[in-house]
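# An overview of the molecular structure
Residue-level listing of the chains:
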Amino acid sequence: RRPALVPAQKVSRAASGALDALSSQERSKEVDGAAVVGTGWRAVETNGGRVLGVAAVAKTLQEAQSRAYVGVRTIDFLGCHYRRDIGMQVFRSASVDAFWPGSMDSAHSEGRHGSVSKGHDGEIEMTIEEAELEDEEGAQANGPPAGLAGPAKSTKSGSGQRQSALPLRLAAAAQAGGFTYLSAGIDLAAREALRAGLWPVVEQAMKKGCRQTEDDFGGQCHLSEALGLKSAGGGNLTMVAASAGVGTKLKIAATMGKVETVGRDLVALCTNDVLAHGATPLFLTDYIACGKLEVSTVAGMTEGALTECEETGISFFMGERDEMPGLLPPGSFNYAGFCVGAVGSDQRLPLKEDLKEGDVLVGIPSSGVHANGYSLIRKILNSLGLTYEAPAPFDPSRSIGEVLLVPTRAYIKVLRPLMERKGADGKLMIKSLVPITAGGILGCLKKTLPEGVGARLDCTKWELPAVFRWMMKMGRVEPKEMAKTFNCGLGMLAVVSAADAPQVVEALRTEGDRDASIVGTLAPWKETDSTTNPALSAKRARIRIEHAETAWLQQDADPAMGRQSEGIPLDLVDPFAKRKVQVGVLVSGEGSNLQALIDSARREDFPAKIALVISNDPEAYGLVRARLADIPTVVVQHKMYKSRGEFESDLTKRLKEHNVELVCLAGWMRILTETFVDEWPSKILNVHPALLPSFPGLYPHQRVLDAGCRVAGCTVHYVTKGAVNTGPIIIQEAIAVGEDDSALTLSERVKVHCEWRAYPKALALVAEGKAPIVNGFVKISA
């Protein structure tokens, strides 16, 4: 690192704070995956050239590029500009169009916020103003729209390969395996970095008795200190203020003509934030900005806010209705609210000093999506070509728009009776309340925890609503990304002691929250796990979302959830193939891989049909999956036969009775003899949860972690004579090993993101004769 010089140029207070935050070891963690290289952040002087470098580490190149630019956007000083083409050459070589046609045709193009030009060495440079993310409907001149205008299209290059015609960010997201909030235009990491940078500036301006809370839920003002009161009358009273906005949910409401719903959203968002301080909301005032005053729209939003205020029991003060022609186009508007409440100083929340290991998280259900994550939702809908008026695939009785516009739930009525109750230790029963808003479960919960304390959430303890599960499937959104973006069915979390938890849950259910339940616990946390080998030390997640891969992505026979679209890519299937190869599946347990095969086989263009499922265990859940899909089942218990040969002879007999041509092993817990393999030469497939030839046999995930591997995955291979897991490899799928992965979480991730994808692909290739064994290796043919 080379030291920076003393500044001559002016650096804004906000930018200086952001630089301080990035240079601090404590704050640098807030910019997820990114680091800025340099020293002396308070003093930057340059006469030109390259001043600062931002580097990022992520699981994919596209995500690393996005994270690096998140770091870049936290830096601002006079004349600041930077390259916009980092990594583009690699993306192009990966057959991903970096720009829409025309975006690179000229040496200089005028943009909506400024100019784009080629630097002295042909690099693309852009001013800081242009670095801001455009609105999803906006676009740079001759460039891609920031939002996807319709279903994805593909073109063919001269080599015959398909090339994406998506914008760079969307194509990158698709290539990485699914949509993210960042790919939809929302940079949570940049927002957190900016907040960290502004924090010292805000603290300096704070008056006596007032404090900004670290959890983003507003601020508190202790009246006795602020007003210099010495007597009791009102001296122990603390005023609480919170503000919120409805966000891009406004766009859906305007399109559907149901703007009154967002008025209710605004009140609920603000009052929930006040409630998180232990305070009683007193009144709310709002503010509407619009390009052109549309009376019906503004009146509808106001009416919705009034209705919610009446039901919540607070007063409504109508704020300014502001027209901004030239700044906002006609038809555009924004809606914000400001709520004030009061609380006795002995009832203020959160009680951070009392939060400790063993405390319990009680989850209170949301009413729906609430008001966060709508940029990502709209991105997914656009990619599918769906309108808000279309029937919801997961709830045909309502349109997609109606599901998305269900107002945010206000929790004051159900929680207020519990706010003053004392627990077994004589202190307030509720130690902390966490409204799940921007940042999702992960972000909101993380902000409320004291140093050294983390949390574990068990996804099997509550139901992920159908709307989230559908979005997760159709957008291929990772479970962790869901938890960083949405409430995932929990609109509020309450932290209570383990001793008080049953009483709190019972009280909530008495108030009408029948689905309130214990969903997690607080646990000790430190950033890294120390090991004897520093290279293997793992960074630990402060909030662990456990069993999400299986609980949220479990496959069933419900075609409305879009699972039939999870099969193999269309370019692996001959659409004119009429006859389907008959497949028999051997299963001993749960049969999640069997379900992946069943879902893919539902497609008319899939070249194979599941003709029979056999299990050696009559209690195997795989049999239930087969029966739900109307697939014949047979139980052949190995313990009922005198010898393995007799057992396998009956297996072959049953398979041939159903005209089976290929055999797939899906968690089959019996080693097959060479006699059985000879009966089905090059016709038996198996999936192993490791990247063979590494880690054959048992416990592959723990062995991957013990070896310090950075990549894990699965292998689909032929079963041949010889040692287990040594047959010719057909297909492999890989994922990055997470810094906080355990054997359990890695197993779940490999199953969901590798096995369920690879097995149908491999079966399709073999069924079409495109994966023959040549000289001991599989040769994939086009």
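Residues numbered from 1 in each chain as written. Predicted model: local features only at pLDDT ≥ 70, side-chain atom pairs only at ≥ 80, totals over all residues. Heavy atoms only, no water.

### Describing the confidence of the model for the protein
If pLDDT is low for a region, its predicted coordinates should not be looked at in detail. Rules: The predictor's confidence in any single residue is recorded as pLDDT, a number from 0 to 100. A helix here means a DSSP run of H or I that spans at least four residues, while a strand means a run of E at least two residues long, and both kinds are numbered starting from the N terminus. Working rule for contacts: check all heavy atoms of both residues, and any pair within 4.5 Å makes them a contact.
Taken over all residues, the pLDDT of the protein has a mean of 77, while the share at 70 or more is 72%. Of all helices and strands in the protein, the one with the weakest mean pLDDT is strand β4 (residues 108–110) (30), whereas strand β30 (residues 684–688) scores best (97). Here residues 93–176 is a poorly scored stretch, pLDDT under 50, and it has 156 contacts once near neighbours within four places are set aside; other chains count. With pLDDT under 50 throughout, residues 532–537 is counted as low confidence; its partners more than four residues away or in other chains account for 7 contacts.

### Observations concerning the sheet that holds strand β32 (residues 729–736)
What counts, and what does not: Any two strands are treated as partners once DSSP identifies two or more bridges connecting them. Throughout, an axis means a line fitted to C-alpha atoms (over the contacting stretch in the case of helices), and angles, computed between N-to-C directions, take values from 0 to 180 degrees.
Strand order in this open sheet of 7 strands is β28-β27-β26-β29-β30-β31-β32, and the pairing throughout is mixed. Where the open sheet ends on each side, the last strands, each with one partner, are β28 (633–635) and β32. If you compare each strand with its neighbour and ignore which way they point, the axes differ by 20° on average. Inspection of the sheet shows strand β26 (residues 581–587) paired to strand β29 (residues 662–666) by 5 bridges, in the parallel sense. Note that in β29 the partner of valine 583 across the bridge is leucine 662. In the packing of helix α20 (residues 592–601) onto the sheet, contacts are made with β26, β27 (608–615), β29 and β30, and the angle to β27 comes to roughly 155°. Running over the sheet, helix α21 (residues 621–628) touches β26, β27 and β28 and is turned about 155° from β28.

### Points about the pairing of β29
The line we're drawing: We call a residue buried when its accessible area falls under 20% of the maximum for its residue type, exposed when it is over 50%, and partly exposed in between, using a 1.4 Å probe and counting protein chains only.
In terms of burial, β29 is a largely internal element, 5 of the 5 residues being buried. Here β29 shows a buried face lined by Leu662, Cys664 and Ala666 and a second buried face lined by Val663 and Leu665.

### Looking at the packing of helix α9 (residues 249–256) against helix α10 (residues 260–275)
Threshold: Oblique is the label for any angle not covered by the other classes, which are roughly parallel (under 35 degrees), roughly antiparallel (over 145) and roughly perpendicular (65 to 115). Gly falls in the polar group here, along with every residue not listed as nonpolar (Ala, Val, Leu, Ile, Met, Phe, Trp, Tyr, Cys, Pro) or charged (Asp, Glu, Lys, Arg).
Relative to each other, α9 and α10 sit at 155°, their axes nearing to 8 Å. Put simply, α9 runs roughly antiparallel to α10. Mapping the contact onto sequence places Lys249, Leu250 and Ala253 in α9 and Thr261, Val262 and Asp265 in α10. Across the contact of α9 with α10, the residue classes tally to 3 nonpolar, 1 polar and 2 charged.

### Describing the side chain of arginine 625
By the secondary structure assignment, arginine 625 is in helix α21. Its relative accessible area of 6% is what places arginine 625 among the buried residues.

### Observations concerning the pattern of salt bridges
Applied cut-off: Any Lys or Arg side-chain nitrogen located within 4 Å of an Asp or Glu carboxyl oxygen qualifies as a salt bridge.
Inspection of the entire model under this criterion finds 22 salt bridges. The closest approach of N and O atoms between glutamate 311 and arginine 264, which form a salt bridge, is 2.7 Å. Here glutamate 311, found in helix α11 (residues 295–312), pairs with arginine 264, found in helix α10; they are 47 residues apart in sequence, far enough to count as distant. Look at glutamate 311 and you get partly exposed, because its relative accessible area is 39%. The partner of aspartate 650 in a salt bridge is arginine 654, with the nearest N and O atoms 3.5 Å apart. Placement of both aspartate 650 and arginine 654 in helix α22 (residues 644–657) is noted, with a separation of 4 residues, approximately one turn of the helix. Among the charged side chains, a salt-bridge network with shared partners connects Arg264, Glu308 and Glu311.

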